[in-house]
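Chain by chain, the residues:
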Amino acid sequence: MKFTLEATSGKARAATIQTAHSTVKTPVFMPVGTVGSVKSLDVHDVLDMLGAEIILANTYHMYLRPGDKTVAKMGKLHGFTKYPKSFLTDSGGFQAFSLSDMSKPKTDGIEFRSHIDGSKHFFTPKKVIDIQHNLGSDIMMILDDLVALPATQERIKLSIERTTAWAK
């Protein structure tokens, strides 16, 4: 992957990201394909009508169903969806945050229960990257500890420290 900063204006910036599958110019519209596909659109709609160079696929949801190993056997996200351009996969940290009644951040990862069947799972920083490798992601996000705002300075500091440690 290659990142090229093209222009800046104050704190705004425009860049080009070259992945193995496409060239993405930022800022970019990135449709969300929670389980690899954009709801109600087929791959031709995404390519021809939206002109999307990249789709965001959800690591948490892909892991639970259909499963990252199943997707890997089907040719990773590109084979599974037939979408030939880039995929960005998130870390699952937001889902742990948004499903906080079923999840708990710990020092070494996030423990959560599936919203599908209540089964128990544990995301570590390494496991999240392994899942994203199985999915064949072009751009992978690190596991992050999100915090609801407003929050205490202590909780915000813990979130930053935890996310930084997980990134390392």
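Residues numbered from 1 in each chain as written. Predicted model: local features only at pLDDT ≥ 70, side-chain atom pairs only at ≥ 80, totals over all residues. Heavy atoms only, no water.

## Looking at helix 6 (residues 125-135)
- Among all positions of helix 6, only Pro125, Val128, Ile131, Gln132 and Leu135 are buried. Buried residues in helix 6, looked at end-on, bunch into an arc of 125°, giving them a common side.
- Looking one or two places after helix 6, you find Gly136, whose phi comes out positive at around 75°. (Buried < 20%, exposed > 50% of the residue type's maximum accessible area, 1.4 Å probe, protein only. Helix = DSSP H or I, 4+ residues; strand = E, 2+ residues; numbered from the N terminus. Arc of directions from axis to C-beta.)

## Describing the sheet that holds strand 3 (residues 23-26)
- Judged by pairing direction, the sheet is antiparallel, and its three strands sit side by side in the order 1-2-3 without closing on themselves. Looking at which strands have only one partner, the edges of the open sheet turn out to be strand 1 (2-9) and strand 3. Averaged over neighbouring strand pairs, the angle between their axes works out to 10° when direction is ignored.
- Inspection of the sheet shows strand 1 paired to strand 2 (residues 12-18) by seven bridges, in the antiparallel sense. From the neighbouring strand, Thr8 faces strand 2, where its bridge partner is Arg13. (Pairing = 2+ DSSP bridges. Axes fitted to C-alpha atoms, helices over the stretch in contact; angles between N-to-C directions.)

## So, the pairing of strand 3
- With four bridges connecting them, strand 2 and strand 3 associate as antiparallel partners. Along strand 3, the bridge assignment pairs Ile17 with Val24.

## Remarks on the packing of aromatic side chains
- Taken as a whole, this structure holds five aromatic pairs when the rule is applied.
- An angle of 70° between the planes, with centres 5.1 Å apart, marks the rings of Tyr63 and Phe123 as edge-to-face. Of this pair, Tyr63 sits in helix 2 (residues 59-64) while Phe123 sits in strand 9 (residues 120-123), and the two are 60 residues apart along the sequence.
- Residue Tyr63 is classed as buried on the basis of its relative accessible area of 16%.
- Note on Tyr83 and Phe87: the rings are 5.3 Å apart at their centroids and 80° apart in plane angle, and the pair reads as edge-to-face. When sorted by exposure, Tyr83 lands in the same class as Phe87, which is buried.
- Aromatic ring contacts, followed pair by pair, group Tyr60, Tyr63, Phe112 and Phe123 into a single cluster. (Phe/Tyr/Trp six-rings, centres within 6.5 Å; stacked < 30°, edge-to-face > 60°.)

## Quick word on the pattern of salt bridges
- The tally for this structure, following the rule as stated, stands at six salt bridges.
- Measuring nitrogen to oxygen at the nearest pair gives 2.7 Å for the salt bridge that ties Lys126 to Asp130. Residue Lys126 and its partner Asp130 are both found in helix 6; the two are separated by four residues, about one turn of the helix.
- We classify Asp130 as partly exposed; its relative accessible area is 33%.
- Across the pair Asp145 and Arg155 runs a salt bridge whose closest N-O atoms are separated by 2.9 Å. One end of the pair, Asp145, is in the loop between strand 10 (139-140) and helix 7 (153-167); the other, Arg155, is in helix 7, and 10 residues separate them in sequence.
- Of the residues examined, Asp145 reaches a relative accessible area of 5% and is grouped as buried.
- The class for Arg155 is partly exposed, based on a relative accessible area of 23%.
- Look at the salt bridges and you will find they share partners, linking Asp145, Arg155 and Arg162 into a network. (Salt bridge = Lys/Arg side-chain N within 4 Å of Asp/Glu carboxyl O.)

## Some points on the sheet that holds strand 10
- If you walk across this open sheet you meet the four strands as 4-5-6-10, and the pairing is parallel. Of all the strands in the sheet, the pair left with one neighbour each is strand 4 (32-33) and strand 10.
- Relative to strand 10, strand 6 (residues 86-89) runs parallel, the two sharing two bridges. Across the sheet, the residue bridging to Thr89 is Met140, located in strand 10.

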